[in-house]
Each structure stands twice: as structure tokens, then as C-alpha cells.
Amino acid sequence: MTLLVAQGLTKKFGGIVANKSVNFDIERGEVHAIIGPNGAGKSTFMTQLSGEQLPDEGSIVFDGHDVTRLPIHRRVRLGLGRCYQVSRVFLDHSTLDNIAIGVLARQGGHLRSWRDARSDGALLDPARRILDDVGLAGRQHVRASALSHGERRQLELAMALATQPSLLLLDEPMAGMGPTESRIIIDLIAKLATTIAIVLIEHDMEAVMALAQRISVLVNGQMIATGSPDAVIANPVVQDAYLAADGAAYGHA
Amino acid sequence: MTQFAAQLLNGLQLGVTLFLMSSGLTLVLGIMNFVNLAHGSFFMVAAYVAATTYKYTGSFIVSGVAAVASAFALGIAVDVVCVRKLYDRDHLAQVLATFGLTLFFNEAVRIIWGASGIFAAVPPALSGRIEIFPGFAYPVYRLVVLAVGMVTGIVLYVVIVRTRAGMIVRAGGSDRMMTAAMGVDIRTLSAGVFGAGAALAGLAGFLAAPMVAVQSGMGDPILILTLVVIVIGGIGSVRGAVLASLVVGIVDTLGRVYIPKTIGSAFTPAVSDALSPALTSMLIYLIMTIILIFKPRGLLPAATG
Amino acid sequence: MSRNIAAVLVLIAFATVPLIAKVFDQPYYLTLFGRILIYGICALGVNLLLGSAGLVSFGHAMFLGIGAYAVGVTEYYGIESGFVQWPLGIAAAALAGLIVGAISVRLTGLYFIMITLAFGQLFYFVASGLAPFGGDDGMTIDTRSNFGHYLNLNNETLLYYFIFAILLLCLLFLHRLSHSRLGMIIAGIRSNESRMQALGFPTYRYKLIAFVLSAVICAISGLLLANLTDFVTAQYMTWQRSGEILVMAILGGMTSLFGPLIGTTALLLFEEVFSAYTEHWAIILGPVLVLIVLYLPQGLWGLLPDAKRPSR
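The residue count restarts for each chain, going from 1 along the sequence in the order it is written. Chain letters start at A and ligand numbers start at 1, both assigned in the order the entries are written. Side-chain atom pairs in this predicted model are given and counted only at pLDDT of 80 or more, local residue features only at pLDDT of at least 70, and totals for whole chains, interfaces and linings cover all residues.

> Help me understand the overall build of chain A, please; the structure alone is not making it clear to me.
What counts as a helix is a DSSP run of H or I of at least four residues, what counts as a strand is a run of E of at least two, and both are numbered from the N terminus. On a plain count of helices and strands, chain A comes out with nine helices and ten strands. In this description the radius of gyration comes from C-alpha coordinates, and the expected globular size is given by 2.2 Å times residues to the power 0.38. For 253 residues, the compact-globule estimate of 2.2 N^0.38 gives 18 Å, and the C-alpha radius of gyration of chain A, at 19 Å, lies within 12% of that figure. Taken over the C-alpha atoms alone, chain A extends approximately 60 × 40 × 35 Å along its principal axes. Residues are scored as being in contact if the C-beta atoms we place from backbone atoms lie within 7 Å. A separation threshold of at least 6 residues defines the contact pool for chain A, and within that pool the share at least 24 residues apart is 67%.

> How should I be thinking about the overall build of chain C in this particular structure?
Tallying secondary structure elements over chain C gives twelve helices and two strands in all. Secondary structure of chain C in N-to-C order comes out as α-α-α-α-α-β-α-α-α-α-β-α-α-α. Computed over C-alpha atoms, the radius of gyration of chain C comes to 19 Å, within 12% of the 20 Å expected from 2.2 N^0.38 for 312 residues, which places it in the range of a compact globule. Taken over 312 residues, chain C has a buried fraction of 54%. For chain C, contacts bridging at least 24 residues in sequence account for 77% of all contacts bridging at least 6. Counting other C-beta atoms within 10 Å of each residue's C-beta, where C-beta atoms are placed from the backbone, gives the exposure class: buried for 20 or more, exposed for 12 or fewer, partly exposed between.

> Teacher, can you tell me more about the sheet that holds strand 3 (residues 31-35) of chain A here?
Note on sheets: strands pair through backbone hydrogen bonds, and any given pair is parallel or antiparallel. Residue and element names in this part refer to chain A. Strand pairing follows a simple DSSP-based rule, namely that at least 2 bridges must link the two strands. Pairing is mixed in the open sheet, where six strands are placed in the order 6-7-8-3-9-10. At either margin of the open sheet sits one strand with a lone partner, and together these are strand 6 (80-83) and strand 10 (222-227). Strand-to-strand, the axes of this sheet are offset by a mean angle of 20°, without reference to chain direction. Two strands pair when backbone bridges link them, and strand 9 (residues 214-219) and strand 10 are joined in this way by five bridges, in the antiparallel orientation. Each bridged residue has a counterpart across the sheet, and for Val217 the counterpart in strand 10 is Ala225. Here an angle of 0 to 180 degrees is reported between the N-to-C directions of two axes, which are lines fitted to C-alpha atoms, with helices fitted over the stretch in contact. Sheet contacts for helix 5 (residues 149-162): strand 6 and strand 7 (167-171); angle to strand 6, the most-contacted strand, approximately 170°.

> I would appreciate a short explanation of helix 10 (residues 238-266) of chain B in the present structure.
For the α-helix, the turn length of 3.6 residues means that residues three or four positions removed from each other point alike. End to end, helix 10 of chain B covers 40 Å across 29 residues, agreeing with the expected 42 Å (1.5 Å per residue, within 8%). A residue's bend is simply the angle between two axes: one fitted to the seven residues ending at it, one to the seven starting at it. Where helix 10 of chain B bends most, the angle comes to about 40°, and this point is B:Gly255. One fewer than the residue count of a helix, multiplied by 1.5 Å, yields its expected span.

> Any chance you could explain the domain arrangement of chain A here in plain terms?
By a widely used convention, the size of an interface equals the accessible area lost when the partners come together. All names here are of chain A. Residue ranges labeled as domains rest on an automatic or database domain assignment. Considered domain by domain, chain A is made up of domain 1 (1-79 + 165-253) and domain 2 (89-163). For domain 1 and domain 2, the distance between their C-alpha centres works out to 27 Å. Tallying the contact residues gives ten residues for domain 1 and nine residues for domain 2. Residue contributions to the side of domain 1 that touches domain 2 peak at four residues, all from helix 6 (residues 179-193). Taken together, the residues that form the side of domain 1 that touches domain 2 break down as eight nonpolar, one polar and one charged. When residues are grouped by polarity, Ala, Val, Leu, Ile, Met, Phe, Trp, Tyr, Cys and Pro land in nonpolar, Asp, Glu, Lys and Arg in charged, and all others, Gly among them, in polar.

> Just to check I follow, could you spell out the confidence of the model for chain A for this structure?
Close reading of the predicted structure is inappropriate where its pLDDT is low. Of all residues in chain A, 96% attain a pLDDT of 70 or more, and the chain-wide mean is 86. The pLDDT value expresses, per residue, how confident the predictor is, ranging between 0 and 100. Confidence drops under pLDDT 50 across residues 246-253 of chain A; counting only partners more than four residues distant or on other chains, this segment forms twelve contacts.

> Looking at this structure, I do not really get the interface of chain B and chain C. What am I missing?
At the junction of the two partners, chain B supplies 35 residues and chain C supplies 31 residues. Mapped onto the side of chain B that touches chain C, the elements with two or more residues apiece are helix 4 (91-113), helix 9 (219-233) and helix 11 (269-294) of chain B. Here the side of chain B that touches chain C is composed, by residue class, of 27 nonpolar, four polar and four charged.

> Help me understand the sheet that holds strand 2 (residues 16-27) of chain A, please; the structure alone is not making it clear to me.
Residues and elements named next belong to chain A. The four strands are arranged 2-1-4-5 in an open sheet whose pairing can be described as antiparallel. The open sheet is flanked by strand 2 and strand 5 (65-66), the only strands paired with a single partner. The pairing of strand 4 (residues 57-62) with strand 5 spans two bridges and is classified as antiparallel. Looking across to strand 5, one finds that Phe62 is bridged to His65. Docked against the sheet, helix 1 (residues 42-50) engages strand 1 (2-13), strand 2 and strand 4, running at close to 120° with respect to strand 1.

> Even after reading the chapter, I still don't get the interface of chain A and chain C, so can you show me in this structure?
The interface of chain A with chain C comprises 26 residues on the first partner and 20 residues on the second. Sorting the residues of the side of chain A that touches chain C by element identifies helix 2 (72-78) and helix 3 (95-106) of chain A as the ones contributing at least two each. Residue classes in the side of chain A that touches chain C are distributed as ten nonpolar, nine polar and seven charged.

> I keep staring at unusual backbone geometry and nothing clicks. Help me out?
Apart from glycine, the bulk of residues carry a negative phi angle, and the bulk of peptide bonds sit in the trans form. Residues and elements named next belong to chain A. For Asp63, which is not a glycine, the phi torsion comes out positive at approximately 50°. For Asp63, the location among the structural elements is in the loop between strand 4 and strand 5. Taking the C-beta count within 10 Å as the criterion, Asp63 has 15 such neighbours and is therefore assigned partly exposed. Although it is not a glycine, Asn220 sits at a positive phi angle of roughly 50°. Looking at the secondary structure, you find Asn220 in the loop between strand 9 and strand 10. For Asn220, a count of 16 C-beta atoms within 10 Å gives the class partly exposed.

> It is not clear to me how the pairing of strand 6 of chain A should be interpreted in this structure. Could you clarify?
All names here are of chain A. Alternating residues of strand 6 divide into Leu80 and Arg82 and Gly81 and Cys83, and every residue in both groups is buried. With four bridges joining them, strand 6 and strand 7 adopt parallel strand pairing. Looking at strand 7, one finds that Arg82 is bridged to Leu169.

> Just to check I follow, could you spell out the arrangement of the chains for this structure?
Among two pairs of chains with at least one contact, chains B and C form the most extensive contact set. Taking C-alpha atoms as the reference, chain A and chain B come no closer than 10 Å and do not contact one another.

> Hey, could you run me through the nonpolar core in this one?
A general tendency of soluble globular proteins is for nonpolar side chains to be buried together. Ranked by size, the top nonpolar core spans 281 residues in total, and within it A:Ala158, B:Ala46, B:Ala47, B:Ala50, B:Ala71 and B:Val228 carry the most contacts. The leading source of residues in this core is helix 9 (residues 203-229) of chain C, at 17 residues. Residue contributions to this core reach at least three from each of two domains, namely domain 1 (1-79 + 165-253) and domain 2 (89-163) of chain A. Discounting residues that sit within four places of it in the chain, B:Val228 has contacts with B:Val248, B:Ile284, B:Tyr285, B:Met288 and C:Met114. A set of buried residues drawn from Ala, Val, Leu, Ile, Met, Phe, Trp, Tyr and Cys, joined through C-beta atoms within 7 Å, is what defines a nonpolar core.

> Would you take a moment to explain the pairing of strand 3 of chain A for this structure?
All names here are of chain A. In terms of burial, strand 3 is a largely internal element, five of the five residues being buried. Of the two faces of strand 3, the one lined by Val31, Ala33 and Ile35 and the one lined by His32 and Ile34 are each fully buried. Both strand 3 and strand 8 (residues 197-201) contribute to a ladder of four bridges, which runs parallel. Following the sheet pairing, His32 is matched in strand 8 by Val199. For strand 3 and strand 9, the ladder comprises four bridges, and the chain directions are parallel. Bridging from a neighbouring strand, Ile35 pairs with Val217 of strand 9.

> I would appreciate a short explanation of helix 1 of chain A in the present structure.
Residue and element names in this part refer to chain A. The buried fraction of helix 1 amounts to eight of the nine residues, a majority that puts the element mostly inside the structure. Among the residues of helix 1, those classed as buried are Lys42, Thr44, Phe45, Met46, Thr47, Gln48, Leu49 and Ser50. Directly beyond the C-terminal end of helix 1, a positive phi value near 110° is found at Gly51.

> For this particular structure, what's the right way to read the environment of C:Met237?
Checked against the element boundaries, C:Met237 lands in the loop between strand 2 (231-232) and helix 10 (239-252). Residues C:Met237 and C:Gln121, 116 residues apart in the sequence, show an inter-C-alpha distance of 7.7 Å.

> Mind showing me how you'd approach the confidence of the model for chain C here?
Averaged over every residue, the pLDDT of chain C is 88; the share at 70 or more is 98%. Across the assembled chains, the prediction reports ipTM 0.82 with pTM 0.86.

> Which parts of the structure should I look at to understand the packing of helix 4 of chain B against helix 12 (residues 282-295) of chain C?
If you want to describe how two helices pack, look at the angle between their axes and the distance between the axes. Closest axis-to-axis distance for the helix 4 of chain B/helix 12 of chain C pair is 7 Å, and the angle between their directions is 160°. As judged from the angle between their axes, helix 4 of chain B and helix 12 of chain C are roughly antiparallel. Once helix 4 of chain B is placed against helix 12 of chain C, the crossing between them reads as left-handed. Only C:Ala282, C:Ile283, C:Leu285, C:Gly286, C:Pro287, C:Leu289, C:Val290, C:Val293 and C:Leu294 of helix 12 of chain C make contact with helix 4 of chain B, whose side of the interface consists of B:Ala93, B:Leu96, B:Ala97, B:Phe99, B:Gly100, B:Leu101, B:Leu103, B:Phe104, B:Glu107, B:Ala108 and B:Ile111. Grouping the amino acids of the contact of helix 4 of chain B with helix 12 of chain C by side-chain chemistry returns 17 nonpolar, two polar and one charged. Working rule for angles: under 35 degrees goes down as roughly parallel, over 145 as roughly antiparallel, 65 to 115 as roughly perpendicular, anything else as oblique. By convention, the crossing between two helices is left-handed when the near helix turns anticlockwise from the far helix through less than a right angle, and right-handed when the turn is clockwise.

Below you can see the structure in the form of C-alpha cells.
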């Protein structure tokens, strides 16, 4: 069942057309990756889905709701979550507290409850479960600033998970990861993908091939191909466009 | 009619003063991302220096040079001693520190020149009025201020838009790393921009000295008005500063003259006395608020904003 | 010495002021330290916005003024009952806070500063234009808030302890708030507002709540100030006053609960002591402020170790 449909999404910055009439859809529980050279407009596309930018033209329908111009926090509450390329965790809080804030976002009672939030089981128990799910058990009291790059990425995922998304936007989750850390993240994403739909922007083709059920290719602001991973990789148009831009752009994640 | 023309010119002239103040401040804010509440102090110190120098030399030009030079020197000094350490801190720290500087300068001028302020004379050659059109005479000095302001505006435009130095200045704001990579020393650039901003404020202070009371704290109301101008025009935008300065200068001046008149004729004296001072002073803030509601980044926001 | 112990000592010191005043026969101490406590309450209110939500308001003195004028204006019309004045002042401040906040909180950074400054100026100009209530020259208040036989504020010592009690209540309230869910959200907004939005929090709403709460706290300090000084003037609402209160909060340390009170005490005592020696005491204050900003970002209170850092 289709969870999100983006149609005719167009975004311009001054004279530059970053996204031109982009169509995209994703089903429940599907992993749909977007690949393309640097500067193709992948991040711009992502920001329109998340709400950080509003499209000049086009529409986005998520879970039956028209979210095209909806503020960020409203989309999140509908179940559209996002993880960031540059980790934006709360550095001076502990790992557990970071996740707890995410849990708090989902729970109500923001104004009614007067008990100490930081020792509130209603927040901490779900947070601990998520902590375990992402593989950070044992790091709960460490300050986020002291986590390794990979652990911070896991924390990012945990925080997004806490908001109970049905769709997760992942913007280059492998960026800056060594092979061991990458493996952990790939496994984690695969595990999440069993219940959550994921839009994945990545340069790391190993991750893309391991995770994606569908791949779309964005070049110069336009979607030039969509289909199963094998079909897309074998597509000569894709090979031309990606390889042509390859020398300069590919690999600079 | 002549009254209106006179007030309009007065408004333009206030606009010039505000432009000189705001162009420097908005550049520092836009390029260095630095909020400088001590900007009013440069205005004040220059006014004091101008008045004193004129008193001892009798030369308007010399006092002008002294005023601008002292403001420039003060700006560089302030940058080196204190401001430069705050470029990486948040705006709040900058606000607080420069507020402290303002307190210091306000007190310093009282110690040096005494608490009651000093008098700045209009040079005899520039005093008196000139007939612009039959029946309408306007003070020569104010016309000079207008002229100087316009010339400065043109020079500023040429420098920023058409010279290499100006390009570097603009680039310095949007990308400090790039500028450093181009071989320009960021610290020299910062000091230069800061000093230039101070010099512009000094010019404003020098020109304003014969027209206002030269006293401790004279920079504070001008600073507030300047901040309003910058916010209305768009932070970091010199074009915005030009537009907003004119708007604020004219609206504020005309408002002070015509609002009491309209209110006075529409309401009883008691209500009018209560209402008009509040309204005239508030007018510019109301306009700023309304503009911010519809255009939260000002009228002509800087492209790199 | 840890902060908690120091804080308790400071509070005990404040509690003993009336005794010391009696021993040295200096009733003036009650006024001086009463003022310090009152501005401390206001600084705590401003810090709710500043330290917790990261919003720098250059107009919060307007709420102090609303509180003070609530007493002044009602007295002018013959209403002396504190049971009318106080709820009125608090309600008026809450309403004003709601309106001003609703508009201001949409903006950030310098724009927020300027718009709060503009609103502050608005209240100031209106107040200074109201001739019957004294404008800038001010108006004396003949009787203090009348709470019947529950509380006689005309007794200076009792008034002092009343102020002290309200300070304690404020500290307690703000402490509980910072540990509550709401406090966690407000702190998160300060830390990274867009992150909070990305988690699904409607941040505007919470900033507005913080704004209104801080307005009410400042108004309470204004109600107290009018009672202590028996005087109300538009000068209570200038932007310079707002700036001074910000200085008090930051000087003490805006990242802590107790810091603003320390900052207020330091600033006002400094003024008091140095103005006896020289009329140019401000020339020391300026550089001191600069030095603190440069080298003590956590304020004076930051000099003491904090028992509970989050790396627990």
C-alpha cells in the first residue's frame, strides 16, 4: 500500500532549478533508495519531504494527508520522521535523555505532569527499549558528546524511532563511517525496515544494494530512472548519467 | 508647503545620519555576524572630539578629520582588545560585552569632559540659510550634511560593489574559509571592516555634533534607532540600510510634526497630551513591528542571509 | 564549596538581614536588600526565558512596570486591597505577555531582541504620557497593598520577609519546572529548536508558555517593588532597565537556577558600595562585564562546582 506520493515536485533557488518535476512514491515497509551524483538535488528533495523547504510546485501526500505545506512538527506527528546527515543530537545530555526527549514528543501530558521527568519511568522505560533496539545498551549514561561517530548515528536513529514514524527519511547515514561501523548501521537499518518504510539517500552502493527494494536515480534535478536495483544498475541511461558525472562526483560522500 | 518641504529635508538629513550609522553596523553584523551595541559610542566619541578640536583649531575640516580618525582608531582598538575574541561566541555574549563597553565609554567621556556635556559650534561659513526656491530658505549646514551623506553613500556603493576590496568584504561574510584560502588574513579583514564601520559612525557623530546635545549617552537613542533601521532593512544588507534609513528618517521626522497636530485637532487637550508623545515616539517601532510580521527578515534581506 | 551549600548560605544570609538591620540600627538595609531580592525575582523571571529558552528579551521591564502600575493605578482610584491589586496585576501581565509573546516568539535572534525592545518602549511611552499617574516623574503610593489582618505590609520587617518568601516560592517553582516535562522541552528548545521540531514538538507553543510565565514572575516583582518603594514611575520600564536585568541574570550565570540571584546581589551591592567612593563607579562595571563575558561564560555562579553534571 502506498504510503507517500510526491508528484511534480519542483524547487528553484534563484536561477537554479534544484528539483524539476520530481515524482516519487514509496510503499509501507519498503526501502526505496535515491542515488545520484553530488549536486543532483537529492538533499533538496529530502528537505521538501521533511518540511524544511516548501516546494515551488507539486504535491506530497503522506498516509492520505496532503502534507505539501505542513510545518515540520505536524509531519512528524503524522509519522514522517527524518535523520540528519550531520548528527544533531543534544550534545550535553546523556544518551538516554536524548531518546527520552523523543519519547516525550510522542507522549502527551507535557503540561500536566509535574514529576521529575528525568526519573520518570513512563519516559525512561520506552527509551531504554529503543536504546537496546539500536544497539546502544550500556551507553545510556554517556554524554552524547562523548559518543563515537557511529554511536551518534545510532542515537540519531534512536531519537527518530522514539517518535514512532511509519516513514523514515535517511540522508546519507553511512557518511563518514568505517567498514565496521557501516556494517552496524546497515544491519540496524535492515532491522528497522521490517516495520518502517525508509527513503534512503546514499552514495555507498554496497549499502544501497543490500537494503533497497527499489532505486530511483536523480540527476540534475530530474528523476531519470526508477525500478528494482538490478534493473536500475543495468540501465544504460543510468550508467551514462551516473558514470558521466562519476569522475567528479561519485565517492565524495 | 514650505514647512512640509523643510520637514522633508530634515527627514532626509536624519536619514543620512542613520544611513552612516547603519551601514557600518549592518556590515559588521552581516559579514562578521557580530552584534555591536557599542556602535553608539563611536558616534559619541567622534562628536566630542569634533567639538573639542574645532574649539581649539577653528577649522571645520580638521575637526572632521580628527573625529573620523579617532573613531576609526577607537574601532580598531576595540576590535583588537575585545571584539575579536567574541567573533565565535553567540550574539548574547556579544550584546553583553558591547553593552559593557558602552557603559565604560559613557562614563569615560564624563570623566574627561565633565558630566554636563559640551557645545559644538556650527562653523560660520556654514551657518545661515540658503534660498532653495523663492520663499523657502533652509539651513546651509543641513544641506551640507545631506551632501556629505549622499557622497559617502555613492563612495560606499562603488567600493563594495565594484572593487576587489569590496568583493573580498562581501565574500568574507558568506565564507570565511574561502576568504582565508584566497590569501586574505581574516583578522585584518575583520579589523578593517570594524574600523571602517566605526569611522562611518564617527562621520555621523561629527556631522551631528552641532545639531544635537553632545553629552554622555548621546549614542544610545541613535543606536536604538539604528538597530530599528537595520532590522527593517534586513540584517547585512546595505541596500536595505539605505532604504530603511530614508523611511525611518522621514517617517520619524514628519511624524513628530504632524501627529501632534492631527491628534490635537481630533481629541481634547488632555487626551492629546497623553497620546501624542507616546504615538510619535512609538511610530517607528510600530512600523518595524508591522514590517517584521509580514517580512520577518526585513525589506531587502541580504542574499547570503 | 558546592553550589548547593553556597546557595543555602546565601539564603540564610538574606534571612538574617532584618536582625542585622536591627542590631546596627540601619533600617535602610531592609530597603536595600529588599530591592535586591525583588530584582532577583525579576532576574529569575527573565532567566526563565533566557537560560531555559534562549530568548533575549530587551523589554521585560515592561512586565515589572505592569505589576507596579497595578498597585499605583488602583490606589489612585481608591482601591487598596491587595486581594484586588495582585490578581489584577498578574492577569494584566499574563495578557500582555500573551499578546507580546504571540508576536515576538515567531522571531529569533536580533529580530526577537528588537521587537521585545519595541514593545517595551511602547509600554514605556504610554506610561510616561499618562500625566495623572505621574509619567516619568512618577507617583507616590500612599498605602501599601492591604491584605487585611492576614498581612500588614506597612511593617518593614514583615514586608521584607514577605518578599523573601515570594523569592523562595519562585525558586521552588522554577526548580520544579526545570525538572518537569515542560522544563525538559523548554531546555531542548534552547539547545536546538529545529531538532525539537524534527521530533514533533510545536515549539512556538512552548516558547509562548515560557514567555507568559516569565512575564508573570516579573510582574510579581513589580507588585513588590511598588510596595517597597511606595513609588511607581514610567522609568521602571525603560529599555535600559531591561538591559540591566539581563545583565544581572547573565552576570550571575544564566545556565543555573540560582545564578540570577547572585548576579543581582553582586551588581546592586557593587553599585551601592562603589557609589559611596566615586560617582564614576560605572567605569569599573563596564570592563568587569566584558571580562566576565570573555572569561566566565557561566557567570559568577560558574566559579563554584556544580554537583550534578549530566555525565552521570
